[in-house]
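# Structural features, examined
Below are the chains, spelled out letter by letter.
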Amino acid sequence: MTAFVLVSEAHTGGWIWQETVSRLRESGHTAHPVTLTGMGDPARPAGPDTDLRAHVADVVEVVDSLQAPQVVLVGHGYGIHPVLGAADLRPGRIARVVHLDAGLPRDGDPPLVLVPDEGVRERLTAYAADASDGGPGTVAGRGGARPVPPPDAASWHRWGSTDGVPADALDRLAHLAAPQPAATLTQPLRRSGTAGEVPTTGVLCLANGSSIALVEHVVSFGDPRLEAALTAPGVTFFELPTGHWPMLSVPGELARVLAEAARGEGHRITRAARQDPPHLRPFLLDVPPCTRERTDTLDLYLPEADGPVPAVVLVHGGPVPAGVLPTPRDWPAFAGYGRALADGGVAAVMFDHRLHDVADYGRAADDLAAAVELVRADPRVDPDRVALWFFSGGGLLAADWLAAPPPWLRCLAATYPVLAALPGWGSTGRPFRPAEELPRAGSLPLVLTRVGLEHAAIAATVARFTEAADACGAALEVIDVPHAHHGFETIDHTPEARAAVRAAIAAVAGHLRAEDY
């Protein structure tokens, strides 16, 4: 028998767990859904000082009240923050922490950072700043900020996919939702590290964009922090084929998974094989060597030519952890593209930008702009014929160039791109929204290589981009690779994949040589 303490997403309370609690109790477990201070329990109204610490104290109070020697803490979305705070204060009482479709908060980050929707996060940030300045968000005479109102009935998906939630349950969610005390979202989570040895389980909701395959892809880059957090012996994972609200959409399945997690079951992620991670395998095309010049900033792949030639700037994805070797400049895929482009008479440029964390997109954009300036200043490059080619997580960086394409930008390409911030990423520093910028791109030629075996969360961003392109009549050419994976150039050595790479290179080179567009 396991004692579960269940802490839910923002704007909700213990009522949301009703069916899952019933299933757990039917199986012989005890389950204690928590309604945090200010979240709808008349006995626990919010006060002007209700903050994240108060919600941590709520969870600690429940843990202390239980007779069970150890409990399993379950944090859903926002709920993971008070759960982790409580685990730090009572590590000896906690058998396991379950991240239910929840991120990995870092010490010193406020919950606001992991709010999934960029627009919601921006409004909450502005709201908090307004309150701190004594503006309209301030509660007059009470020294605090007004609670953040809950979403309206049509906006719950912005806090997480509502896939699978019955209409009546969604109506109940909207009806019972409570305003969220502002300081619970803006106060930093402080972690002492005392709960570092407590086992953890991640329950990933597929329709909300999370998956074990995506986690394994991130771990393969070798970030020691993520490896330590995600591949430790006590860490397991489960997937649920539903949206962000499994207690409403699949309560029985959720109860089963929680019980299995409490027993230490689930998928385990192993450390990436250092000798042959996917992104360091050979390029799928056999291309001849060419002149490759390396400076502190750039690698330049040069064709045999008498005069200035068009150039393609290759923009790698990420985040790529700082200190990981080799850096993207030496990854086989980019060296392969560089040689292949040079073989076709086009210069290729590769550089390392500083996208080491999701919050680094702004400085990565600055790095790209600086690299473009250097490329266009090289006398061997035609400064009026340049293309930008974005890969994977670098796709978000296309937003600035779509918003205001300069006359020398003759083509913008993207291969298995991420075209919107992914669920659980948190803030990218400033908004990067390629789909929203498409109407400003005019007749700029766009070449998109789309893989059929893409991670679901990334595929959703590509789908929104292509829909936006159709709506505004963008000059978009799509090269589909139905049986290819994300990063297919070093994974899928198939005739279909080779043909797709050749087609993309030909399309980009063709736009560079065209007289106009």
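Residues numbered from 1 in each chain as written. Predicted model: local features only at pLDDT ≥ 70, side-chain atom pairs only at ≥ 80, totals over all residues. Heavy atoms only, no water.

The next point concerns the nonpolar core. Membership of the largest hydrophobic core comes to 64 residues, with the highest contact counts inside it found for W17, L73, V74 and W245. Here the element with the most residues in this core is helix α2 (residues 52–65); it accounts for six residues. Not counting the four nearest positions on each side in its chain, L73 is found in contact with V5, V59, V63, V83, A86, A87, I94, R96, V97 and V98. Grouped together as the second largest cluster of nonpolar side chains are 51 residues, V313, V358, L409 and L438 included. (Core = buried A, V, L, I, M, F, W, Y, C linked by side-chain atoms within 4.5 Å. Buried < 20%, exposed > 50% of the residue type's maximum accessible area, 1.4 Å probe, protein only. Helix = DSSP H or I, 4+ residues; strand = E, 2+ residues; numbered from the N terminus. Contact = heavy atoms within 4.5 Å.)

On the basis of which strands lie adjacent, the open sheet formed by six strands has the order β2-β1-β3-β4-β7-β8 and parallel pairing. Of all the strands in the sheet, the pair left with one neighbour each is β2 (30–34) and β8 (235–240). Sheet twist, expressed as the mean angle between neighbouring strand axes with direction ignored, is 20 degrees. Bridge count between strand β7 (residues 200–205) and β8: six bridges; the pairing is parallel. Among the inter-strand pairings, V203 is bridged to a residue of β8, identified as F238. In the packing of helix α3 (residues 80–89) onto the sheet, the strands contacted are β1 (3–7), β3 (71–76) and β4 (94–100), and the crossing angle to β4 comes to about 160 degrees. Where helix α10 (residues 251–262) meets the sheet, it contacts β1, β3, β4, β7 and β8, and its direction lies at approximately 170 degrees from that of β8. (Pairing = 2+ DSSP bridges. Axes fitted to C-alpha atoms, helices over the stretch in contact; angles between N-to-C directions.)

Our next topic: empty space enclosed by the protein. Under the definition given, this model contains three cavities of 30 Å³ or more. Its boundaries defined by the atoms lining it, the largest cavity holds a volume of some 60 Å³. Around the largest cavity, the lining residues are A398, L402, L412, A413, A414, L419, L446, V447, L448, F465 and L476. Of all the secondary structure elements, the ones that give two or more residues to the lining of the largest cavity are α13 (398–403), β14 (409–415) and β15 (446–453). Here the residues of the lining of the largest cavity sort into 11 nonpolar, no polar and no charged. (1 Å grid on protein atoms, 1.4 Å probe; cavity = no way out; pocket = protein on both sides within 12 Å on 5 of 7 lines; lining within 4 Å. Points joined across faces, edges and corners; volume = space filled by probe spheres on them. Nonpolar A, V, L, I, M, F, W, Y, C, P; charged D, E, K, R; others polar.)

These figures come from the coordinates and say nothing about function on their own.
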